[in-house]
Every structure is written in C-alpha cells, then in structure tokens.
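A closer look at the structure
Each chain, letter by letter, is given below.
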Amino acid sequence: MTQKFLYVLTMFVTILLVLFLNGNIHFGKDPLPPLGKFLNPFNGIWTSDTRSEIKDLTIEANGLKDKVQIIYDDRRVAHIYAQNLEDALFAQGYAEAQNRLFQMEFLAMAAAGELSSIIGPKTIEIDLERRRRGMKYAAENAVKGWEKSDRFASSFRYVDGVNAYINSLSQADLPMEYKLFDFKPSTWTALKSALVFKQMSLVLAGRNDDIENTNLLYYLGKEDFNHLYPEHQKIENPVIPQGTNFQFDSLRGKPLDTLSLYRKPISNKYNENRNKGIGSNSWGISGSKSSTGKPIFCNDPHLSLGLPSVWFEVHIHTPQFNAYGVSFPGFPGIMIGFNEYIAWGETNVGQDVEDVFAVEWTNPEKTKYMLDGIEKEVKYRIEEVKVKGGTSIIDTVKYTHWGPIFKATTDKKTDLALRWICHDEPDTDEFNVFIDAMACKNYDEYQKATNKYISPAQNFGFAAKDGDIAMRVNGRFPAKYDQDGRFVENGNKSVNGWSDWIPKNQNPQIINPSRGFIASANQVSADKTYPYYFTGKFERYRNRSINDKLTNMNAISPEQMQAMQQDAFSYKASDYINVIKSMVKKEDLPAGHGTIFDQLTSWDYQYKANAEMPVLFDLLYKKLVENTWDEIQVLKQNNDVNYPEAWRLLELIQSEPENKFFDNKTTGNKENAKDIVIKSVKESIDAFIKRKNEGESNKWGEYKPLHIYHLTRLPAFSEMDIAADGCPDAINATGFSFGPSWRMVISLEDKVKGHAVYPGGQSGNPASKYYKNMIDAWRKGEYYSLNLYAKPEDLSKNNTQSVILNPKK
Amino acid sequence: MKIVLSIICVILGSLICQYFLPWWIVGLVSFVVCYIFLSNKWAAFGVGLLGVLVLWIVKAYLADQNFDVPVSSLLASLFGQISASAVYFLTGITGGLIGGLGGLLGSWTRALSIQNTSQK
C-alpha cells in the first residue's frame, strides 16, 4: 500500500516538476524563465538566432514583385538591392526583424503598456502610466489617419517583410529574450510600427512643465516666478540665426493675467524624471567654409543609449535611389542619412506640444464636467494590463474633450487631462517622410517630401551636393498666446485650448545663411522677434560651442568635423568658473584648499574621462544649487517643481548678489551671493578631498561612468562602466546612460563620402560578435566609412551573409 | 551491460525525439527504456539521469561553439556570476532530473505490473 502511495506521489511530483520547468506554473515577483524549456539545448537558449549563421539564405516570400538581395557586410550593415520601392521596404522589414525582432516587439509592447505580460508585476506602474497617457490610443489614431493615404499599403509592405521573417522561425531560431521571458513573436502590424513611433515621440515630445510651473507660480507668486524663470537669455544663438526677418502677423499678446490658469498647487508628486540628456547636434557647412569646396553635413542625435542600439544601419538601393543611413527598427525609411545628392538629419525641438488642463467634475462619480457651459460626459477606454504570474489589472481611463485624464490632483473635484499633439489623427501621409527623403536630389524635393511631417517636431537639417544647406523647424505647432501652455489651464472653456496651427511656411527656417553654416542643438528655435510664443525646454550651452567653432573655423575638413563631434568642452563650467574666479580669493578658503582651487581655475573645461576637475565642478554646482535654492528644495519635497536653470543662477550671482534667494534660511546669518559661492567652493573641495581619502575615484569617467543597458536592464546583456569623455553640456554630450547615438559626417563631394559610428552593433543577439562591436570605436571617437555600393558584387570582399528573397510563384 | 545499453537507448531515443517533440519527452523516453529493460528502480533513476545529462551537456557544448560569444558565459552572468562549467552542469541536471524521474517511474511501473500479474 505504501509502495503504491509512494509511486503515485513520485508520479505526481514528476508531473508538477515538468509543469514548473515548462513554465506552466510560476510564482514570485520576478517569474523565472521556465528552466527546462529554457536550458534545453535543442531549441532553448542554446540555439538562438541560428539563421544569421547561414552564409547564403534563399527565401521565397509572398507578394514580392521581383528578386531582392540583402547583403550583410563585415559590420553586418544590411545592403538592400531591390528593383522597386515596395520590395525595398519589404526587405527593410525583413532585415530589421532578422536582427532586431525582440527590440521591435519590446518597444511596441512598452508603448502599448504591455510589458507586464512578459516581465511580471515589476512593470505594472510603467504600463499603467503608458495606458493613462493614451499611447495606444495615439498609435491607433495614427494608423486611422495613415490608412486614408493611397500610399499606405505600398509603404507598409515593410510589415509583410517583418512577418516573412517571423513566419520563417522555428522555436529554436527565436531570439534569446523570447526564451528568457517565455513568449513567442506575434504578427507585426502597421499599428505596431505606429506604437514604435509613438514610443520615440514620447521620448522626444512627451514632456511638459505645466505642473511644475503651476506649483511654482502658486508658491512663489508671479513676481518671483517671472524673475527666477525667465524664458529668454540676454544673448541667444537660436537655431534660426538672430536678425532673420519674420514677415507675418503676430498672434501673441494675450497677457498672463487673462489666461485661464488653474491656480492651485498640484501637490501629488509624480517623479517623472525621464528625458534627461535627450538632445542632439546637427550642423552643416556650405562649400565656402569647407576644405572641399562642397557642403559637409553632420548629425549626432543624443538619445538613451541602449542594447540593442536605438538605430539600425541600412543601405537601400533601387533603380530610383541609392540611400544609406539609420532607421528606427520597426519603422520604414531612413531617418538620418544621405544619398548620392543630399544628406539629412534631425535634432529635437524643445517647443511644448503637450498641455495640461484641469477638469473639474460636476458629479461625485467623476464622469461629467462642464465645457463652454454645457455638461459633458467622459468616454471610457477600458485598459487591461495582463501580468505574468499574476492577475490582470483593469484600469478605466477617462477621455475628455482635451484628451485622457492622466493624473489626479489633491483636490478631489479636479483631475488633469492631457492635450498631446501626438494623440491627433494625422491628416497627412507623415509615415512617408523618411521613405521619400531617400529619393530626394535637392532642397526643393526634400522640402516637399518633408512638408507632411507632424510630430514629434524636429529641426530638419539638410545639405546637398549642389551647394545648398538648410534648416527648418519642422512639425505642427499650436499658435499660442504669450505664456499660453506654460501652466495648467482650466478645462472648462474650449478657447483655453489650441485653435490654430502655425502655418508650415511660418515655422522658423533658413536656407543658405550668410554665416555659411546651419546648426541646431535643441536651443530656442528663433529669437524674440519671431511672432509666435515659443515655450518649452531648450538647450543653453552646447549650441554656443557649436556656433563659436563654426564661426571661427574655415576650410574645414570632414576629419575636423569628426573631431568636433568629440569635443568635450563645457561652456557651463567655463562660465561659472570664470565668475567664481573673480569672486573667491585663495585667502577665503581653508588651508589645503588652495592647490585644488588653483587646479579648478586653470582647468581647460574639457570633460575628459581621466580628468578630475569635472568631478569637482559637478560637486560644486550641486552645492551652489543646494545652498541657493533651499526655498525651492523645501517645495521639492512634496511637489513637482524645477530649480531655476543654470544660466539664470549665474546671471543672478553676477547681477543681483543681494537677491533675497541667496539668503539661506537654514542658517542664522544673512548671506549674499559671494557668501554662497565661497561656502559652496569650500564644501565641494571638502567633498572632493573626502572622496579621495575614502578611496573613491575622482576621475570623471569613473565618477559618472556610462552604462549602456539592454532593454530589459539585465546586466548580462548590458555594457556597464564605460569611461567615456563628455557631458550633456558639451558637444560630445555623453552622460550616465545617454549620449551620441549615431555620429555621422557626410562630405557632399562629387563622390559623396560618409563616415559614422554608433555605440552598439547591428545584431540584437547578445551572443553575436555584432552585438556591441562598435562601442569601443565610438568611445575612442573613431569612424567607419559608409559606402553606397552600386551593386551587390561590389560587396563580394566583405560579404558576411547573403539573403535572397524571391517572389513566391 | 543492460545498464550501458539502457543509457545508450535513452541518449539515442531522446536525441531523435527532441528534434520534433517538446523537451520533457526525455522523461517519457527514459520511462519507456527503463520499463523495458530495468527492474532496479535506483539503477533506472541513474540511467535516466546520466543519459539525459550527458546528452544535454554534449549538445549544449556543441551549440555553444556556433556563437561568437559563448551562451554559457552569458548564462553564467545571467545566473549571477557562476562559472561556465556550472552552467553546463545546471543544464545537464535540469534535463537529467526529468530523465531520472522518468526512468525511476518506468522501472517502478514495470515492478508494479509484474507484481500485479503474479498476484493474479
């Protein structure tokens, strides 16, 4: 009897164990991969992505018009040779899926708020935030608009290419991460491409300071707020040079007092610290300034650096065009690149295209609100967040006239709605912008190709072999009154919202400026004479470095342009230390501080990985902020607020040393700017010495090392602790996990010469040698040459894999 | 002799079945092999364990040679800085455990059915 019982028990235990190891049973907060399925050497993790190892692969695919070749070179750059655009886009989809399938799917899931379904309870909050922000709603609207274009089907042959790859996969071929998180690729759709695009939009245009500014205005009062947070510097280097004549009527002029502001604090703290370090450089010089007599175009977008990399390098050749550059995996076309005639690229525009409206509920159920005197009802969108190893979470998101209710206030009767340009159904075929750019031969064609662009707004930089250089602030912007959209506004009147768009031809733009160069680094788009109100987050230092250099340099070679992209000089450090130098004498400092202070004041302001002064200045700036803005620090504990910008603090130190904000409330004395500066210098040198004594590194590259994380942040798949030059205020804008994600220099000579590098590799497979092979070259400031090989045979020497796609008969 | 033969049968049977059936088929293969050949339960456990363990380790080792970066080293840091050989062992033991339990149950079933027939 006991024998039989034991037998049955063993049987039972075995079956349970199999189920557990197969992933049918899991528990805990971080579900383990199903070990049996995962470790099994026949089709588990040991056999991932085997198809990239096959030298010659021939596939039959439905719907192709002609034969397409994808040749991978010795860096695994995909060179696509197709007989027409549709087939080329199909092949782009295939190639991106072949190398980046998990990344594409992960980004689409992240945008849609579906990560918890593969990762587990850890990502619920992130998912809910994406749902409340209406990311999927935005993507659905995008597809709704795109489908109205008669080019939708042909451009989204890309989707079929992705699916042709997915359908060719067996369990053994799946990328590693699918095995780790135990799921299977699902069919790719235009909606997923839209989601991927919206994820990028969120990074670039998903920010506003309306809540922060509303809090500050409430607590500081109008006078102090305006004084500490001015929107313009005395001297600015806008993207569109100062002195440009804007000949159209002004729409500004409605003063702050008459705006319908929500004048209560929003004390819920949301801690959305995203987007720090996001920015980009782009510049172009005309032939008059270059060593070749022809334009040179440069672009280095600074994004969150990741593995697999943000960008996929691709060369697309058809009888109509021959283009090379980088694409955003999941989306057709080349976003930054060049062809035999032109080069193009983008940097982000900081203009605020996301406004917050306070919706006051008229019923206790919070489903009704007033708009223009009429009671309106919200629409519901039921969001189900599936959670691996847990129960689904149901969230009902309310949609108002303005957009989704995305945040609550502490006032029980009011919630906040989001009006975001990226929610709008597009009325153009904006998805074709980066497809059409590939075939442009001059600025006229490029301008036409990019007119349809809506969001996220970008500075579109351009240079052509025929000599033209141009820059256009491109995107759709609401025409705003002065101060409009800077704060949370009342949502009870539709006039408080956006009514008119700035006509495209009134967006700031310039072609062939007399100074001989175009440049953008996320600074203000235009000077104060631009008739529309511009507000947002703008860069204050990098742009000066770029403009100074380009103004002073002549007969510039492409190599000099590459070197300039590595420049680690910081105007922020230089501005500050020059002022500090004049205020602080060595006698003001304790014994033992003198030598270090001398080092600081004689520093060349270069953020080199092995330099120590960047660390000291970092400590010093933090102390200055802490000691000056103690009043705002107190607010920060319970509210979303921002400190005044660095340039404003320095301006106040210089011009208003007795300003009341310099008095630190936590001390008994009354301090002025000089006291604060001396105190901060002392404290930071103390901290600097203390770090040294405690054996901590004071080398910039070790103090703030760069981490390039895998999408899932798993250290095993990431590259950690890279000692790299640069800081966010330098042209080489490398920071904690951000930096130049693609450095490109294109010399538009008779035979166009391209050079570029990015910190990663073409393959998304962590076990591939092409996964992160370019990081070191990138760190050292080295470049690879980019070739517009006219035919597949030209690649015979460095062909590492050839994939032939044949139409299915 | 019987034991060596059984191990070979487990290895070959699992190798063939694993190409088109789920990984846990190794348990069933061991079950069948041990049901046919072995009357000693513990020997059967050892046969299943060893057969699948050897097969999985060898196959994992061979698969590892296809990659530029060994999967074993990625797994080693994924599992928190263990050694690559520990990863092979972990792989082998995971499959081996199911193989062993399958074998055990196979010969046990055999014993019980013989018992049943003799009782009748």
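The shown structure was predicted, so the numbers you read here are calculated from the model rather than taken from an experiment.

**As for the interface of chain A and chain B**
Each side of the interface is counted separately: chain A has 34 residues, and chain B has 37 residues. Regarding the contact of chain A and chain B, the summed buried area is about 3300 Å², with carbon and sulfur atoms giving 77% of it. Three residues stand out in chain A for area buried against chain B, namely Tyr-7, Phe-42 and Trp-46 of chain A, and they jointly supply 27% of the buried area on that side. Between the two partners, chain A and chain B, sit seven residue pairs in polar contact (both at pLDDT 80 or more). Considering each element in turn, the side of chain A that touches chain B owes the most residues, 10 residues, to helix α1 (residues 2-21) of chain A. A breakdown of the residues in the side of chain A that touches chain B according to their chemical character gives 20 nonpolar, 10 polar and four charged.

**Remarks on a nonpolar patch on the surface**
All names here are of chain B. Taken together, Leu-50, Val-54, Val-58, Tyr-61 and Leu-62 make up a surface patch of nonpolar side chains, about 440 Å² in accessible area. Turning to its location among the elements, Tyr-61 is positioned in helix α3 (residues 41-64). The class for Tyr-61 is partly exposed, based on a relative accessible area of 45%.

**A look at the packing of helix α16 (residues 571-583) of chain A against helix α20 (residues 646-655) of chain A**
All names here are of chain A. Running from amino to carboxyl end, α16 crosses α20 at an angle of 20°, the nearest separation of the two axes being 11 Å. By the angle between their directions, the pair α16 and α20 is classed as roughly parallel. Judged by the sense of rotation from one axis to the other, the crossing of α16 with α20 is left-handed. Note on element contacts: α20 touches α16 through Ala-646, Leu-649, Leu-650, Ile-653 and Gln-654, opposite Lys-572, Asp-575, Tyr-576, Val-579 and Met-583. Here the residues of the contact of α16 with α20 are counted per class, giving seven nonpolar, one polar and two charged.

**Observations concerning the sheet that holds strand β6 (residues 306-307) of chain A**
Residues and elements named next belong to chain A. Taking strand neighbours across the sheet as the criterion, the three strands line up as β6-β23-β24 in an open arrangement whose pairing is mixed. Because the sheet does not close on itself, it has two edges, and the strands there are β6 and β24 (719-722). As paired elements, strand β23 (residues 706-710) and β24 share two bridges and run antiparallel to each other. Considered in β24, the bridge of Ile-708 is made with Glu-719.

**Thoughts on helix α13 (residues 443-450) of chain A**
All names here are of chain A. For α13, the complete set of buried residues consists of Tyr-443, Tyr-446, Ala-449 and Thr-450. Relative to the axis of α13, the buried residues are bounded by an arc of 125° and lie together on one face. Relative to its buried face, α13 has exposed residues pointing more than 90 degrees away, namely Asp-444 and Lys-448. Among the structural elements, β10 (342-348), α12 (433-436), β18 (458-464), β19 (469-474) and β21 (509-511) are those in contact with the buried residues of α13.

**Some thoughts on the side chain of Ser-280 of chain A**
All names here are of chain A. Its location among the elements puts Ser-280 in strand β4 (residues 279-285). Taking relative accessible area as the criterion, Ser-280 reaches 5% and is therefore assigned buried. At a separation of 3.3 Å, a polar atom in the side chain of Ser-280 contacts the main-chain amide nitrogen of His-302. In this structure Ser-280 touches Asp-300, Pro-301, His-302, Glu-346, Thr-347, Asn-348, Ser-520, Ala-521, Asn-522 and Arg-542, once residues within four positions along its chain are discounted.

**Here we look at the sheet that holds strand β16 (residues 405-408) of chain A**
All names here are of chain A. Pairing within the open sheet is mixed, and its four strands lie in the order β16-β17-β11-β20. With partners counted over all chains shown, the strands left at the sheet margins are β16 and β20 (489-490), one partner each. Judged from the three bridges that link them, β16 and strand β17 (residues 414-420) form a sheet pairing that is antiparallel. Each bridged residue has a counterpart across the sheet, and for Ala-408 the counterpart in β17 is Asp-415.

**A word on the environment of Ala-417 of chain A**
All names here are of chain A. Position of Ala-417 among the secondary structure elements: in strand β17. Here Ala-417 falls in the buried class, since its relative accessible area comes to 0%. Placed 381 residues apart in sequence, Ala-417 and Asn-798 show a C-alpha to C-alpha distance of 54 Å. Once residues within four sequence positions are removed from consideration, Ala-417 is found in contact with Asp-355, Val-356, Phe-357, Val-359, Thr-400, Trp-402, Gly-403, Pro-404, Ile-405 and Phe-406.

**So, the pairing of β10 of chain A**
Residue and element names in this part refer to chain A. Summarising burial for β10: seven of the seven residues are buried, a large majority. Going residue by residue along β10, you find Ile-342, Trp-344, Glu-346 and Asn-348 tucked away on one face and Ala-343, Gly-345 and Thr-347 tucked away on the opposite face as well. Alignment of strand β9 (residues 336-338) against β10, held across two bridges, turns out to be antiparallel. Counted as the bridge partner of Gly-337 is Trp-344 from β10. Between β9 and β10, which pair antiparallel in sequence order, lie three residues. Note: β10 against β18, seven bridges, orientation antiparallel. Pairing of Ala-343 across the sheet is with Ala-463, part of β18.

Calculation notes
- Residues numbered from 1 in each chain as written.
- Chains lettered and ligands numbered in written order.
- Predicted model: local features only at pLDDT ≥ 70, side-chain atom pairs only at ≥ 80, totals over all residues.
- Heavy atoms only, no water.
- Contact = heavy atoms within 4.5 Å.
- Buried area = accessible area lost by both parts, 1.4 Å probe.
- Polar contact = N/O pair within 3.5 Å; in protein donor to acceptor, adjacent residues only side chain to side chain.
- Helix = DSSP H or I, 4+ residues; strand = E, 2+ residues; numbered from the N terminus.
- Nonpolar A, V, L, I, M, F, W, Y, C, P; charged D, E, K, R; others polar.
- Patch = residues over 30% accessible without salt bridge, like charges linked within 9 Å, V, L, I, M, F, W, Y side chains within 5 Å.
- Areas by Shrake-Rupley, 256 points an atom, 1.4 Å probe, with all protein chains shown as cover.
- Salt bridge = Lys/Arg side-chain N within 4 Å of Asp/Glu carboxyl O.
- Buried < 20%, exposed > 50% of the residue type's maximum accessible area, 1.4 Å probe, protein only.
- Axes fitted to C-alpha atoms, helices over the stretch in contact; angles between N-to-C directions.
- Parallel < 35°, antiparallel > 145°, perpendicular 65-115°, else oblique.
- Left-handed = near helix turned anticlockwise from the far one by under 90°.
- Pairing = 2+ DSSP bridges.
- Arc of directions from axis to C-beta.

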